Amino acid sequence: MPTVHSITYQLLRRQGLNTVFGNPGSNELPFLKRFPEDFRYVLGLHEGVVVGMADGYSLATGQPVLVNLHAAAGTGNAMGALTNAWYSHSPLVITAGQQARSMIGVEAMLANVDASTLPRPLVKWSYEPACAEDVPRTLSQAIHMANLPARGPVYVSIPYDDWDHEVEGDAAQVVQHDVSYAGLPSAAQLEALAENLNQAHSPVLVLGPEVDAVRANSLAVELSERLCMPVWVAPSASRCPFPTRHACFRGVLPAAISGISDKLDGHDLILVIGAPVFRYHQYAPGRYLPQGAKLLHLTGDVQEAARAPVGDALVGDIHATLEALLPLLAQSDRVLPNPLPLPPPQAVSSGRLAPESVFDSLNALAPEDAIYVKESTSTVTAFWQRVEMRHPGSYFFPAAGGLGFGLPAAVGVQLAQPDRQVIAVIGDGSANYAISALWSAAQYNVPVVFIILKNDTYGALRWFSRLLDAEDAPGLDVPGLDFCELARGYGVEAVRTETLESFEDALCRALDASRPILLEVPTTTIEP
Ligand code: TZD
Ligand code: CA
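Residues numbered from 1 in each chain as written. Chains lettered and ligands numbered in written order. Predicted model: local features only at pLDDT ≥ 70, side-chain atom pairs only at ≥ 80, totals over all residues. Heavy atoms only, no water.

Draft legend 1. The arrangement of the overall build of the protein chain in detail. Helix and strand counts for the protein chain come out as 19 helices and 18 strands. A compact globule built from 528 residues should have a C-alpha radius of gyration of about 24 Å, and the protein chain, at 24 Å, falls within 12% of that. Burial status across the protein chain gives 56% buried among its 528 residues. In the protein chain, once contacts between residues fewer than 6 apart in sequence are set aside, the share between residues at least 24 apart is 75%. For the protein chain, the exposed surface amounts to about 21100 Å²; the carbon and sulfur share of it is 52%. Each charge class in the protein chain can be summarised by its mean position, and for the 33 positive and 55 negative side chains these summaries are 3 Å apart. (Helix = DSSP H or I, 4+ residues; strand = E, 2+ residues; numbered from the N terminus. Rg over C-alpha atoms; globule rule 2.2 N^0.38 Å. Buried < 20%, exposed > 50% of the residue type's maximum accessible area, 1.4 Å probe, protein only. Contact = heavy atoms within 4.5 Å. Areas by Shrake-Rupley, 256 points an atom, 1.4 Å probe, with all protein chains shown as cover. Lys, Arg positive; Asp, Glu negative; His and termini not counted. Charge placed at Lys NZ, Arg CZ, Asp CG, Glu CD.)

Draft legend 2. Molecular detail of helix H6 (residues 135-147). Under the 1.5 Å per step criterion, the end-to-end length of H6 is 18 Å for 13 residues, consistent within 8% with the ideal 18 Å. By the burial criterion, the buried members of H6 are Val135, Pro136, Thr138, Leu139, Ser140, Ala142, Ile143, His144 and Ala146. Turning to H6, the residues buried within the fold contact helix H1 (4-14), strand E4 (92-98), strand E5 (125-127) and strand E6 (154-159). (Expected span 1.5 Å × (residues − 1).)

Draft legend 3. Region of the structure containing unusual backbone geometry. Here the bond from Arg120 into Pro121 is cis, since omega is 10°, no more than 30 degrees from zero. Its location among the elements puts Pro121 in the loop between helix H5 (101-104) and E5. Backbone torsion omega between Pro149 and Ala150 reads -15°, so that peptide bond is classified as cis. Relative to the elements of secondary structure, Ala150 occurs in the loop between H6 and E6.

Draft legend 4. Seen up close, the pattern of salt bridges. A complete count under the given rule lists 18 salt bridges for this structure. The salt bridge partner of Arg352 is Asp456, with a shortest N-O separation of 2.7 Å. Taken as a pair, Arg352 in the loop between helix H12 (318-325) and helix H13 (355-365) and Asp456 in the loop between strand E16 (449-454) and helix H17 (459-467) lie far apart in primary sequence, 104 residues in all. For Arg390, the salt bridge is made with Glu368, and the minimal N-O distance between the two is 3.7 Å. Taken together, the residues span a long stretch of sequence, with Arg390 in the loop between helix H14 (380-386) and strand E14 (395-396) and Glu368 in the loop between H13 and strand E13 (371-375) at a distance of 22 residues. Overall, Arg390 belongs to the partly exposed group, its relative accessible area being 34%. Residue Glu368 is classed as partly exposed on the basis of its relative accessible area, which comes to 43%. (Salt bridge = Lys/Arg side-chain N within 4 Å of Asp/Glu carboxyl O.)

Draft legend 5. Quick look at the site of ligand 1. Taken together, 18 residues lie near ligand 1, and Thr377, Ser378, Gly429, Ser430 and Ala460 sit nearest. A distance of 3.2 Å separates an oxygen atom of ligand 1 from a polar side-chain atom of Asn455. Between ligand 1 and Thr457, the relevant distance is 3.2 Å, taken from an oxygen atom to a main-chain nitrogen or oxygen of the residue. In isolation ligand 1 has 600 Å² of accessible area, and contact with the protein removes 77% of it. Per-element tally for the shell around ligand 1: the top contributor is H17, with 3 residues. A breakdown of the residues in the shell around ligand 1 according to their chemical character gives 5 nonpolar, 11 polar and 2 charged. (Near = heavy atom within 4 Å. Polar contact = N/O pair within 3.5 Å; in protein donor to acceptor, adjacent residues only side chain to side chain. Nonpolar A, V, L, I, M, F, W, Y, C, P; charged D, E, K, R; others polar.)

Draft legend 6. Up close: the coordination of the calcium ion (ligand 2). Every protein donor of the calcium ion (ligand 2) is listed here as Asp428 (OD), Asn455 (OD1) and Thr457 (O), and their distances to the metal cover 2.2 to 2.3 Å. Look at where the donors of the calcium ion (ligand 2) fall in the sequence and you get D-x26-N-x1-T. In this pair, Asp428 sits in the loop between strand E15 (422-427) and helix H16 (437-443) while Thr457 sits in the loop between E16 and H17, placing the two residues 29 residues apart along the sequence. (Donors = N, O, S within 2.8 Å, 3.2 Å for Na, K, Ca; no water.)

Draft legend 7. Fine view of the pairing of strand E18 (residues 517-522). The element E18 is extensively covered by neighbouring structure, given that 6 of its 6 residues are classed as buried. In E18, alternate side chains face the same way, and those of Ile517, Leu519 and Val521 on one face and Leu518, Glu520 and Pro522 on the other are all buried. As paired elements, strand E17 (residues 493-496) and E18 share 4 bridges and run parallel to each other. Residue pairing for E18: Glu493 is matched across the bridge by Ile517. On the question of chirality, the crossover connecting E17 to the parallel E18 by way of helix H19 (residues 500-512) is right-handed. (Pairing = 2+ DSSP bridges. Right-handed = clockwise from strand over helix to strand, strands pointing away.)

Put into structure tokens, the structure is as follows:
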């Protein structure tokens, strides 16, 4: 007779969730026993690393991925990483082992009391099945919930004595259950949108991470060329939705209310696609939009649409909507904007390297389709200006600003994309939140090039401390770290490069190697 265990693995196999990111405990062993040969288990040494790797894997494949955590303590360790997964709409199907059913009430060790409440509000759905027979159906629901728009992480707590339970009757039917989404606006909605765009005098396009997630990048290029309109990336960019050397590209909008209306001043129509309106950071109050401007918002996320303080939103499948919209748009006779001037090459100084020099070298030496996982907060502007990104899926930054994403996500992205080089550009502050991701890179031989920008400080906080008149705040420096020793301790080869020449040498060797390598680069501190 089939068991909860056997039906669950059939379900996971059929839905393509054959890679499991996890960190096990006793509660999880009954799930992991008889682990099928066509499944792969990727061990992370801390749950922040487990979720970070799974997040990277899911971002790069665009598919749901299974995560297995240890009860309450493991879930707790994962919460910081879940903030990023929630905002990047990553369909993580997170399972956590629970004590045996009869041991939960007495709060035996490792009982996850009130398990379904624990991960909220950072999951779309959270549940502990009421009986063993309901585990496969619950997992099927979890997979579909995670994967339907707006996508996001879900959580299922599973008592460990459920796995050997025999299942009678039709329960195995759930393995065949499919759900698909159809989200095209009506003809009337499309026509109204097209008319607004056709009649605008000076439209501007603002693109968010969802454009990259649904691979609508080339449709966005077509749209910008059809209407000859400048293109901005929405603030707090976590992905790159548009080729950064295209004539229409204008850069990333500042993450402040007044900053955005300043940059968009003069436009009568602002079309925002696949982003919240907007993801602000610095508090700089002012008008939400420039005077006289109308904002139209296309998104797949009802919550994003509903919480926007301005504009009119259309919720649907943005890829399908763009495909249907383009034939309704007339070619504009405005002239295409001039491409942004390239920043002049950074002068090489003696002493520490400028981050700009490091980025110029990356731009010159890395493969044109390299994937950057970026987590150095003070160098965001310099990076976008200097490193050309051309292809979908080329850039990932923590979507909620939760540090500890970069190192593990780089490992997950590289596992998902063995044919493209992943380059992790990580600050010496950020690197510590999930440093043990280096162990997973070494053990599974995941050939990421890790670059640690070592300025001995929380650079972005130094800048913020001036903005907030708090320059005397303690705890802003991180001296005395040796990332080469740390990397070697976790089994990753490492080299410190003090000059541009030695950095470029080491970078070329690392790019040629088929194993992970870490480069530690002492750098100056610049402003975000
Ligand atoms: N803890 C977590 C988990 N996430 C955070 N975002 C912070 C703390 C606060 N924080 C920032 O928002 S930026 C930053 C911190 C500590 C400094 C990161 O330093 P870094 O990068 O060395 O990685 P830069 O380039 O020196 O800023
Ligand atoms: Ca730093």
